[in-house]
Amino acid sequence: MKVTQLNKTYDRRTAAAHQVLRDVSFTLPETGFVCILGPSGCGKTSLLNAIGGLDRFDNGSLTAGETTVTRYGVAAYENQRNRNFGYIFQNYYLLEEHTVAYNVYLGLHSLQLSHREKLVRIREALKAVDMDRYIRRKVRDLSGGQQQRVAIARALARRPRVIFADEPTGNLDEANTMNICT
């Protein structure tokens, strides 16, 4: 994945315009673990959302595989996103009135998998984050750390090439943090 001269400004057409990304360029390795560090409000989440295909950017280009785009919403990049990207959001975005299994299942919706394969992936992902025993529990009945692990399982179940993770271990204890990073 390659990012070239990416720019993002909030409220561009107003006096309150705030540029959070200015000519950001880098190339990610084919494999590995990359951390983006910086103080609160410096644009880390904005960068993840832009390169992950979830949010607009002003200009610059993004390349994933053989696909290069210079604007948000290009079908070819959305296809890359749907096939190859997984997300762990800072706010989890879980449906609290539904079960753990259902929340992970929803993350597999865009993949062309049989129902049986989805169930296998759900079990594998929940086991990987030590949440398999909660498969039928409603999300609202889980602690914050448990909810975070469900959100991580949802991303893992997709088996993406790239996982964009926004503070993925913020609510986890040291043992679970080490397990997730591994």
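Residues numbered from 1 in each chain as written. Predicted model: local features only at pLDDT ≥ 70, side-chain atom pairs only at ≥ 80, totals over all residues. Heavy atoms only, no water.

1. Comments concerning helix α6 (residues 174–181)
Argument step 1. The complete set of buried residues in α6 reads Asn176, Thr177 and Ile180. Down the axis, α6 shows its buried residues gathered within 105 degrees of arc, on one side only. Seen from the buried face of α6, the exposed residues on the opposite side, beyond 90 degrees, are Glu174, Ala175 and Met178.
Argument step 2. Tucked into the core, α6 has its buried residues touching α5 (144–157).
Argument step 3. At the N-terminal boundary of α6, the capping side chain belongs to Asp173, with an oxygen 3.2 Å from the backbone nitrogen of Ala175. (Buried < 20%, exposed > 50% of the residue type's maximum accessible area, 1.4 Å probe, protein only. Helix = DSSP H or I, 4+ residues; strand = E, 2+ residues; numbered from the N terminus. Arc of directions from axis to C-beta. Contact = heavy atoms within 4.5 Å. Polar contact = N/O pair within 3.5 Å; in protein donor to acceptor, adjacent residues only side chain to side chain.)

2. Thoughts on the confidence of the model for the protein
Argument step 1. The predicted model of the protein averages 93 in pLDDT, with 100% of residues at 70 or higher.
Argument step 2. Here α6 stands out as the element of the protein with the lowest mean pLDDT, 87, in contrast to helix α3 (residues 100–106), whose mean of 98 is the highest. (pLDDT = per-residue confidence, 0-100.)

3. Side note on the pattern of salt bridges
Argument step 1. Tallying each qualifying case throughout the model produces nine salt bridges.
Argument step 2. Here Asp55 ties to Lys8 by a salt bridge, and the two come within 3.6 Å at their closest N and O atoms. Of this pair, Asp55 sits in the loop between α1 (44–51) and β3 (59–64) while Lys8 sits in strand β1 (residues 2–10), placing them 47 residues apart in sequence.
Argument step 3. Classification of Asp55 as partly exposed rests on a relative accessible area of 22%.
Argument step 4. Judged by relative accessible area, Lys8 falls into the buried class, the value being 6%.
Argument step 5. For Glu117, the salt bridge goes to Arg121, with nearest N and O atoms at 3.2 Å. (Salt bridge = Lys/Arg side-chain N within 4 Å of Asp/Glu carboxyl O.)

4. Concerning the nonpolar core
Argument step 1. Of all hydrophobic cores here, the largest spans 25 residues; its most connected members are Val104, Ile122, Leu126, Met131 and Val150.
Argument step 2. If you list the elements that add at least two residues to this core, you get α3, α4 (115–128) and α5.
Argument step 3. Ranked by residues supplied to this core, first place goes to α5 with six residues.
Argument step 4. Ignoring any residue separated from it by four or fewer positions in sequence, one finds Val104 in contact with Ile122, Leu126, Val150, Ala153, Arg154 and Ala157. (Core = buried A, V, L, I, M, F, W, Y, C linked by side-chain atoms within 4.5 Å.)

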